[in-house]
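Chain and residue survey
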Amino acid sequence: MPRSSDQTRPAILQAAYKLFRRRGFFRVGMDEIAVAAGVTKKTLYYHFDSKDALLTAVLASQHERAFAEFQTYGIDLSGGAEQLIDKLFKGLATWSAKPRWAGSGFTRLAIELADLNGHPARTMAREHKALMERQLASLLAEAKVPSPGERARELFLLVEGAMVMILVHGDRDYCTAAAEAAKRLVMGEPAGSLAIGEIDGASNIPP
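Residues numbered from 1 in each chain as written. Predicted model: local features only at pLDDT ≥ 70, side-chain atom pairs only at ≥ 80, totals over all residues. Heavy atoms only, no water.

1. Focus on unusual backbone geometry
For Lys144, which is not glycine, the phi torsion reads 65° and is therefore positive. Locating Lys144 in the fold gives a position in the loop between α7 (120–142) and α8 (148–169). (Helix = DSSP H or I, 4+ residues; strand = E, 2+ residues; numbered from the N terminus.)

2. Some remarks on the packing of aromatic side chains
How two aromatic rings sit relative to each other is given by the distance of their centres and the angle of their planes. Scanning the model with the defined rule gives 3 aromatic pairs in all. Measuring from ring centre to ring centre gives 5.5 Å for Trp95 and Trp101, while their planes differ by 80°; the resulting arrangement is edge-to-face. The pair formed by Trp95 and Trp101 is uniform in burial state, with each residue classed as buried. Directly above the aromatic system of Phe25 lies the positively charged group of Lys51, at a separation of 4.4 Å from the ring centroid. (Phe/Tyr/Trp six-rings, centres within 6.5 Å; stacked < 30°, edge-to-face > 60°. Buried < 20%, exposed > 50% of the residue type's maximum accessible area, 1.4 Å probe, protein only. Lys NZ or Arg CZ within 6 Å of the ring centre and 35° of its normal.)

3. Points about the pattern of salt bridges
Tallying each qualifying case throughout the model produces 8 salt bridges. The residue Arg23 makes a salt bridge to Glu32 at a minimum N-O spacing of 2.3 Å. For Arg23, a relative accessible area of 26% puts it in the partly exposed group. By relative accessible area, Glu32 is classed as partly exposed at 30%. (Salt bridge = Lys/Arg side-chain N within 4 Å of Asp/Glu carboxyl O.)

4. Quick word on helix α2 (residues 30–37)
Listing the buried residues of α2 in full gives Met30, Ile33, Ala34 and Ala37. One face of α2 carries all of its buried residues, which in axial projection span an arc of 100°. Residue Gly38 follows α2 closely and has a positive phi angle near 75°. (Arc of directions from axis to C-beta.)

5. Re a nonpolar patch on the surface
On the surface, Val164, Met165 and Val168 cluster together to form a nonpolar patch covering roughly 250 Å² of accessible area. Mapped onto the elements of the fold, Val164 is located in helix α8. On the basis of relative accessible area, Val164 is assigned to the partly exposed category, the value being 44%. (Patch = residues over 30% accessible without salt bridge, like charges linked within 9 Å, V, L, I, M, F, W, Y side chains within 5 Å. Areas by Shrake-Rupley, 256 points an atom, 1.4 Å probe, with all protein chains shown as cover.)

6. Overview of helix α5 (residues 80–96)
Count 3.6 residues to each turn of an α-helix, and residues three or four apart come out pointing the same way. Look at α5: 25 Å from first C-alpha to last across 17 residues, which is about the 24 Å you get at 1.5 Å a residue. Burial analysis of α5 places 13 of its 17 residues in the buried class, which makes it a mostly covered element. (Expected span 1.5 Å × (residues − 1).)

7. Points about the nonpolar core
Within soluble globular proteins, side chains that are nonpolar tend to cluster in buried spots. Counting residues in hydrophobic clusters, the biggest one holds 30 residues, and the most contacted among them are Ile85, Phe89, Leu92, Leu136, Leu140 and Leu155. For this core, the secondary-structure elements that each account for two or more residues are α4 (51–71), α5, α7, α8 and α9 (173–187). Ranked by residues supplied to this core, first place goes to α5 with 8 residues. The residues contacting Leu155, other than those within four sequence positions of it, are Ile85, Phe89, Leu136, Leu140, Ala182 and Val186. (Core = buried A, V, L, I, M, F, W, Y, C linked by side-chain atoms within 4.5 Å. Contact = heavy atoms within 4.5 Å.)

8. Overview of the packing of α7 against α8
Contact geometry for α7 and α8: axes closest at 8 Å, N-to-C directions at 125°. Between α7 and α8, the angle is such that the two are oblique. Classified by chirality, the crossing of α8 by α7 is right-handed. Residues Lys129, Met132, Glu133, Leu136, Ala137, Leu140 and Ala141 of α7 form the contact with α8, whose participating residues are Pro148, Gly149, Arg151, Ala152, Arg153, Leu155, Phe156 and Glu160. (Axes fitted to C-alpha atoms, helices over the stretch in contact; angles between N-to-C directions. Parallel < 35°, antiparallel > 145°, perpendicular 65-115°, else oblique. Left-handed = near helix turned anticlockwise from the far one by under 90°.)

9. Some thoughts on the environment of Leu131
If you trace the backbone, Leu131 turns up in helix α7. For Leu131, a relative accessible area of 24% gives the class partly exposed. As a C-alpha pair, Leu131 and His63 span 68 residues in sequence and 9.6 Å in three-dimensional space. Ignoring any residue separated from it by four or fewer positions in sequence, one finds Leu131 in contact with His63 and Phe67.

Structure follows, in structure tokens:
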């Protein structure tokens, strides 16, 4: 049975996201995306008139999903800032252990398009990261952390840095190091141990 338009667009977005994330924007063609989505090239162009428009739609879709997931971090903050930091970096440890993990799709695509400052996908990536940072600042404020905006920016630097070092070295212990540094920044005291072996069941950090 042919898929409806309501089914076709999400299938295209999912197929394109997997290909862009795995191989990069410039190395993936529209023909390949059409095959992966199980649609004709004509159907693909009916929904998206260019690869640039498709990439922007892909990031918009991923932003909605990632932001919805990240909001769950604030449901239970009974443990305060330390609990939030543990959850953040345990999530990164779990996420980075997945097969063929390639870091944040938003970060990778923004870097790939670094020479195209006006590209709408770069604008979307910038807005996504800024909104996530503001959400983290809000959670830190709820946890009674002083200067939550500054601390949120520092935490995001640690998250992004940990992702890069895990990609370079393949060593998830960078999650532990980043969590320890985060606790010293936020709480102003030596942090406890965050063992990678304790990450089972942790939530995934958003891309």
